[in-house]
Amino acid sequence: MKRIINILFLLVLIVITGGCKNQSTENTPKKVAVIVSTLNNPWFVVLAETAAAKTRALGYETKIFDSQNNTALEADHFENAITSGYNAILFNSTDADGSIVNVMKAKEAGVPVFCMDREVNSTKAATSQILSDSYSGCIAIGKYFVQSLKKKGNYVELLGLVGDNNTWARSKGFHSVVDNYPGLKMVAQQSADFDRNKAMEVLESILQAHPDIDAVFCGNDAMAMGAYQALAAAGKANRVKVFGFDGADDALQAIKEGKVMATGMQYPKIMAETAALYAQKYFNGKRDFPQKVPVAVEMVTGENVRNYITKN
Amino acid sequence: MNRRNIKLLVAFVLVAVVGYNSVYIRKLSEVKAQGVGTKFNTTKYSREFWDSKLIPNLGKAIEVNQLMQEMHADKDRTFNTYAHALGIGNLQYFMIKGEGEVLAVNENTVTVKTQAGAETQNLQIETEYVYGNAVRDASGLLNMNAFDNTTEFNEVSAGINKIIREEVIPSFKKTVAAGSRISFVGAIELNKKFLDTSKITLTPVQVKFLTK
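As the structure is a computational prediction, the values presented were derived from the model and not from experiment.

Scanning chain B from N- to C-terminus turns up seven helices and six strands. Taken from N to C terminus, the helices and strands of chain B fall in the order α-α-α-β-α-α-β-β-β-α-α-β-β. Looking at the 212 residues of chain B, the share that counts as buried comes to 42%. Sequence-distant contacts in chain B: of pairs separated by 6 or more residues, those separated by 24 or more amount to 69%. Of the roughly 11,700 Å² that chain B leaves accessible, carbon and sulfur atoms contribute 53%.

Laid out in structure tokens, this is it:
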């Protein structure tokens, strides 16, 4: 009997505590989690820190969670964010397919998720996805690539992470133009995981088998810079044209110096700030968000690099 | 059954229930299938869009010299009034029309000079690299979020561009010569932040010869 009384007492205590918590959350500021694929890449650091800064500026509590490119760790972050009472998640996914289940969990818990830069392959999971228009950006680069090579030559493509939609959006945009020119032959296509050192190693290896290439198209600027290093070491930097994507500072400088031909300028700050503003609108009652909001990617070449090189 | 066995049985049932409810396995193909609609027929959709929406709405295009006059007077207002863009950013699209004299026939473009009053504008009509979303987006007639996925939406552009490459450009290129007078309707892309009206490239939707 005494045990039953103890259990009932405990239950009453839990209910009272829960009630207190509900009352107090109405007066405490909303909490916004920023879950980012990796903080081991300056581009994503800018994305995460801008999202957190904007969120704080809007008057909310915020914390950055680093998934370290690991979907399992990302799942833990989602669990933590949901159980810790975060009211919204600004999210940069590790895997377009593997991350869907995490977003769905948040949705089921009533926590809105706003994707930044990286897409998840479902239109029914996130509240809204604010994404770089990588496909269109790479169509522009593809056109410039064909013009620069005068419609003929051998080239190599270095892909990013194979599980990331951006990798394929960029590749498909590029090929939607270049594949129409039979004089342009892709002699090798290999992943270098968006990594500078890996790109250098991969291209060094490819150059052993294909020393006579005319161009390298890279899925991001880190790989473009790695490719340039490999070409410089092989004494081919002057005759092989390198193309990147991202708009990273070192790539812009390389374009100015004639080492890299072109890149696609992305705007991580705009994506992060838009996601934070969407969270604010959600808290204020808005529900009809567009599922996908593309952010334009601008092609940067030697002709217009002066417009971008002083960009903060 | 002694007391210890009962405890073990209860513990086992508890672990089994918690374990069963903690882990669930779904096929990746099922997850992928969420949000993916039926197979999209690019050719059919693009043709219907071209015939029933794009061509009937070409009359709404703004005359190129009027656009430039307004642009020089008030850039922000002109972009807000006439430009279309699907999302956020500096790149925006306009559907323009005009008449002009062909100055040169180049390898990949045709240079045209247009004049309206004192206002003149040179532009390049694209005859080789017809790719990208200029026409789709300049039309302002399609909503990205009405499509199940981005790939299908991009395929609409590819379909429109194919019609232009196969049906608009060949007859134009075959006949055009320096000195020809033409009328045109098509899409242009302008960068709002870094505006440069000295190099405008038009993706043609309709080109007619006034004199050959």
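All names here are of chain A. Taken together, the six strands give an open sheet; going across it, the order is β2-β1-β3-β4-β5-β11, and neighbouring strands pair in parallel fashion. What marks the edges here is a single partner per strand, and that holds for β2 (61-66) and β11 (292-295). Taking each pair of neighbouring strands and ignoring which way they run, the sheet shows an average axis angle of 15 degrees. Bridge count for strand β4 (residues 113-116) against strand β5 (residues 128-132) is three bridges, and the pairing is parallel. Paired with Phe114 across the two strands is Ser128, which belongs to β5.

With that settled, the discussion passes to the interface of chain A and chain B. Each partner contributes residues to the interface: chain A has 35 residues there, and chain B has 28 residues. At the boundary of chain A with chain B, total buried surface from both sides reaches about 2,600 Å², with 53% on carbon and sulfur atoms. Our count for the contact surface shared by chain A and chain B stands at three salt bridges. A salt bridge links Lys151 of chain A to Glu128 of chain B, with the shortest nitrogen-to-oxygen separation between them at 3.9 Å. Where chain A meets chain B, there are ten residue pairs in polar contact (both at pLDDT 80 or more). For the side of chain A that touches chain B, the secondary structure elements donating two or more residues are α4 (100-108), α5 (134-148), α6 (165-178), α10 (268-283) and β11 of chain A.

So, about the environment of Ala248 of chain A. Along the polypeptide, Ala248 of chain A turns up in the loop between β9 (241-243) and α9 (249-256). Distance in space between the C-alpha atoms of Ala248 of chain A and Asn220 of chain A is 8.9 Å, their sequence separation being 28 residues.

Take the packing of helix α2 (residues 42-57) of chain A against α10 of chain A next. Residue and element names in this part refer to chain A. Close contact between α2 and α10 brings their axes to 8 Å; oriented N to C, the two are set at 35 degrees. For the element pair α2 and α10, the recorded crossing hand is right-handed. Side by side, α2 and α10 meet where Trp43, Val46, Leu47, Thr50, Ala51, Lys54 and Thr55 of the first sit next to Pro268, Lys269, Met271, Ala272, Glu273, Ala276 and Leu277 of the second. When grouped by side-chain class, the residues that make up the contact of α2 with α10 number nine nonpolar, two polar and three charged.

This part takes up the pattern of salt bridges. This structure, assessed with the given rule, holds 18 salt bridges over all chains. The salt bridge partner of Asp164 of chain A is Arg118 of chain A, with a shortest N-O separation of 3.4 Å. Taken as a pair, Asp164 of chain A in the loop between β6 (153-159) and α6 and Arg118 of chain A in the loop between β4 and β5 lie far apart in primary sequence, 46 residues in all. A single burial state applies to Asp164 of chain A and to Arg118 of chain A, both of which are buried. Among the ionic pairs, Arg47 of chain B bridges to Asp51 of chain B, the shortest N-O distance being 3.7 Å. In this pair, Arg47 of chain B and Asp51 of chain B are both assigned in helix α3 (residues 42-54), four residues apart and thus about one turn of the helix distant. One connected set of salt bridges, linked through shared partners, spans Lys151 of chain A together with Glu107 and Glu128 of chain B.

In terms of nonpolar packing, the biggest core is built from 60 residues, with Leu90, Val156, Leu158, Leu203 and Val216 of chain A touching the most fellow members. If you tally residues by element for this core, the top one is α10 of chain A, at eight residues. Look past the residues within four positions of Val216 of chain A in its chain and what remains in contact with it is Val156, Leu158, Leu203, Ala227, Leu231, Val240, Lys241, Val242 and Phe243 of chain A. Counting residues in hydrophobic clusters, the runner-up holds 48 residues, among them Ile96, Val112, Ile160 and Ile169 of chain B.

Our focus in this paragraph is the packing of aromatic side chains. Residues and elements named next belong to chain A. Inspection of the entire model under this criterion finds 19 aromatic pairs over all chains. Summarising the aromatic geometry, the rings of Tyr278 and Phe289 are spaced 5.2 Å apart at their centres and angled 45 degrees between planes, so their arrangement reads as tilted. One end of the pair, Tyr278, is in helix α10; the other, Phe289, is in the loop between α10 and β11, with eleven residues separating them in the sequence. The pair formed by Tyr278 and Phe289 is uniform in burial state, with each residue classed as buried.

Okay, the pairing of β6 of chain A next. Residue and element names in this part refer to chain A. The element β6 is largely enclosed, with a buried count of seven among its seven residues. Here β6 shows two buried faces, one formed by Gly153, Tyr155, Glu157 and Leu159 and the other by Asn154, Val156 and Leu158. Note: β6 against strand β7 (residues 184-191), seven bridges, orientation parallel. Its bridge partner lying in β7, Leu158 is registered against Gln190. Between the parallel pair β6 and β7, the chain is carried across by α6, and the sense of this crossover is right-handed.

Right, let's talk about the state of the cysteines for a bit. Residue and element names in this part refer to chain A. All told, the structure shown has zero disulfides over all chains when counted by the stated rule. The cysteine Cys138 is free of any disulfide, with Cys218 supplying the nearest cysteine sulfur at 11 Å. By relative accessible area, which is 0% here, Cys138 ends up buried.

Okay, unusual backbone geometry next. When glycine is set aside, most residues are seen to have a negative phi, and most peptide bonds are trans. Residue and element names in this part refer to chain A. Positive phi values are uncommon outside glycine, yet Gln68 reaches one of about 50 degrees. Looking at the secondary structure, you find Gln68 in the loop between β2 and α3 (71-83). Since its relative accessible area comes to 53%, Gln68 is described here as exposed. Positive phi values are uncommon outside glycine, yet Asp246 reaches one of about 140 degrees. The residue Asp246 is located in the loop between β9 and α9 in this model.

Further remarks concern helix α8 (residues 221-233) of chain A. All names here are of chain A. Along its 13 residues, α8 runs 18 Å from first to last C-alpha, staying within 8% of the 18 Å computed at 1.5 Å per residue. All of the buried residues along α8 are Asp221, Met223, Ala224, Met225, Gly226, Ala227, Tyr228, Ala230 and Leu231. Check the buried side of α8 and you find it contacts β6, α7 (196-209), β8 (215-218), β9, α9 and β10 (262-265). The N-cap residue of α8 is Asn220: its side-chain oxygen and the backbone nitrogen of Ala222 are 3.4 Å apart. Looking one or two residues past α8, Gly235 carries a phi angle of roughly 70 degrees, positive in sign.

How each quantity is defined
- Residues numbered from 1 in each chain as written.
- Chains lettered and ligands numbered in written order.
- Predicted model: local features only at pLDDT ≥ 70, side-chain atom pairs only at ≥ 80, totals over all residues.
- Heavy atoms only, no water.
- Helix = DSSP H or I, 4+ residues; strand = E, 2+ residues; numbered from the N terminus.
- Buried < 20%, exposed > 50% of the residue type's maximum accessible area, 1.4 Å probe, protein only.
- Contact = heavy atoms within 4.5 Å.
- Areas by Shrake-Rupley, 256 points an atom, 1.4 Å probe, with all protein chains shown as cover.
- Pairing = 2+ DSSP bridges.
- Axes fitted to C-alpha atoms, helices over the stretch in contact; angles between N-to-C directions.
- Buried area = accessible area lost by both parts, 1.4 Å probe.
- Salt bridge = Lys/Arg side-chain N within 4 Å of Asp/Glu carboxyl O.
- Polar contact = N/O pair within 3.5 Å; in protein donor to acceptor, adjacent residues only side chain to side chain.
- Left-handed = near helix turned anticlockwise from the far one by under 90°.
- Nonpolar A, V, L, I, M, F, W, Y, C, P; charged D, E, K, R; others polar.
- Core = buried A, V, L, I, M, F, W, Y, C linked by side-chain atoms within 4.5 Å.
- Phe/Tyr/Trp six-rings, centres within 6.5 Å; stacked < 30°, edge-to-face > 60°.
- Right-handed = clockwise from strand over helix to strand, strands pointing away.
- Disulfide = S-S within 2.5 Å.
- Expected span 1.5 Å × (residues − 1).

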